[in-house]
Amino acid sequence: MVLKRILSAALFVCVARGERWESAEPHMGTLVRITIYAEEASPLSAAFARIRDLDQKLSDYKPDSELNQVCRTAHDRPVSVSDDLWRVLSAAQKLAAETGGAFDVTLGPVTHLWRKGRLPDRETLERCGWRNLVLKDHTVFLKQSGMQLDLGGIAKGYAADEALVTLRAHGARQSLIAVSGDIVAGDAPPGKKGWTIGIGETGQQLVLRNAAVSTSGDSEQSFQIAGVPYSHIIDPRTGLGLTGGLTVTVIAHRGLDADPLATAISVLGEARGRVLLSKRFQKLIVRTPQNRRLQN
Ligand code: AMP
Ligand code: MG
């Protein structure tokens, strides 16, 4: 009996201290990097397959994605959607209500113009508005024609969460998934308290396990129009990209929360962001151009 216990403890240590496997693949318009400690590398391919599947559902770049099919048809009648699309849209609309529309996945007509380097006109802005997106009984209805949904501010966090679920189901519990600035950590690496994650250019590091961290508002993806650098994050009140240079990092339990919160707080600003987070078990780090120091 004692020997059996020792043997199973030894086996547990062996499994828990599996080899380190790491791989990166392009998905969702960016590079997805996954690191695990496991007996074999195969959980990695299952996790990447899950992310590929989600991209096919949630992308507004792929013409045949589920999202784009819904955008083409859901203004005639309510359209039933997959569980994944339902979960992401439900979380998005909840946050839109909580932020007075600062987080708004109906900004597609505006974001698509920005991608071509063009400022939105009045007609484009009129095709946006989170209240025009109606979710009921697993269906989506768009109150206006010409609406376009854009899940760029939330889909990556959800994809990282789901990759974690897939890795766990394949026995790889010690894992780190980074979908660009949206990172989800599973159990800590062997012998460590957590995964060490660097935040932007500050050199500051977080040590996290079973948590998500998202950073938004970096200037990497900004557009230049008439010499003005605009962020890819849009203020829904004006239809213009942000210019404040704020960088927002949110730590939450799930990527489905951290990702859209980081985007929303970039729009709301630090003070309103702190009020939003005070009701939750989440942490906020904001950097301004004037003060690149981390503030907790
Ligand atoms: P993120 O990098 O997570 O902050 O997301 C930015 C992306 O979200 C943009 O590239 C757009 O696709 C989309 N987006 C821009 N502005 C907003 C907004 N106010 N609310 C929701 N999504 C947005
Ligand atoms: Mg985001």
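Before going into details, it helps to say that this report is about the structure given with it. As the structure is a prediction and not an experimental result, all values here were calculated from the model.

## Focus: the environment of Arg20
Tracing the sequence through the fold places Arg20 in strand β1 (residues 19-27). A polar contact of 3.4 Å, which involves the side chain of Arg20, links it to the side chain of Glu22. Within the structure, Arg20 has its side chain in polar contact with the side chain of Tyr37 (distance 3.1 Å).

## Comments concerning helix α4 (residues 83-98)
Its 16 residues place the ends of α4 23 Å apart at the C-alpha level, agreeing with the 22 Å of an ideal helix rising 1.5 Å per residue. Those residues of α4 that sit buried are Asp84, Leu85, Trp86, Val88, Leu89, Ala91, Ala92, Gln93, Leu95 and Ala96. Where α4 is buried, its residues contact α2 (42-58), α3 (66-73), β4 (133-136), β5 (139-142), α7 (155-169) and α8 (255-268). Looking one or two residues past α4, Gly100 carries a phi angle of roughly 60 degrees, positive in sign.

## Points about the site of ligand 1
Around ligand 1, 15 residues are found, and the nearest of them are Asp104, Asp150, Ser216, Ile234 and Thr263. A distance of 2.5 Å is found between an oxygen atom of ligand 1 and a side-chain nitrogen or oxygen belonging to Ser216. Here ligand 1, which alone exposes 500 Å², has 90% of that area covered by the protein. Residues of the shell around ligand 1, tallied by class, amount to seven nonpolar, five polar and three charged.

## Let's talk about the packing of α7 against α8
Closest axis-to-axis distance for the α7/α8 pair is 7 Å, and the angle between their directions is 160 degrees. When the axes of α7 and α8 are compared, the pair comes out roughly antiparallel. Between α7 and α8 the crossing geometry is right-handed. Contacts from Ala155, Lys156, Gly157, Tyr158 and Asp161 of α7 reach α8 at Gly255, Leu256 and Asp259. Residue classes in the contact of α7 with α8 are distributed as three nonpolar, two polar and three charged.

## Structural notes on the pattern of salt bridges
Here the structure, examined in full by the defined rule, presents 20 salt bridges. For the salt bridge of Glu22 with Arg20, the shortest nitrogen-to-oxygen distance reads 3.4 Å. Residue class for Glu22 comes out partly exposed when judged on its relative accessible area of 41%. Judged by its relative accessible area of 46%, Arg20 is partly exposed.

Definitions and cut-offs
Residues numbered from 1 in each chain as written. Chains lettered and ligands numbered in written order. Predicted model: local features only at pLDDT ≥ 70, side-chain atom pairs only at ≥ 80, totals over all residues. Heavy atoms only, no water. Helix = DSSP H or I, 4+ residues; strand = E, 2+ residues; numbered from the N terminus. Polar contact = N/O pair within 3.5 Å; in protein donor to acceptor, adjacent residues only side chain to side chain. Expected span 1.5 Å × (residues − 1). Buried < 20%, exposed > 50% of the residue type's maximum accessible area, 1.4 Å probe, protein only. Contact = heavy atoms within 4.5 Å. Near = heavy atom within 4 Å. Areas by Shrake-Rupley, 256 points an atom, 1.4 Å probe, with all protein chains shown as cover. Nonpolar A, V, L, I, M, F, W, Y, C, P; charged D, E, K, R; others polar. Axes fitted to C-alpha atoms, helices over the stretch in contact; angles between N-to-C directions. Parallel < 35°, antiparallel > 145°, perpendicular 65-115°, else oblique. Left-handed = near helix turned anticlockwise from the far one by under 90°. Salt bridge = Lys/Arg side-chain N within 4 Å of Asp/Glu carboxyl O.

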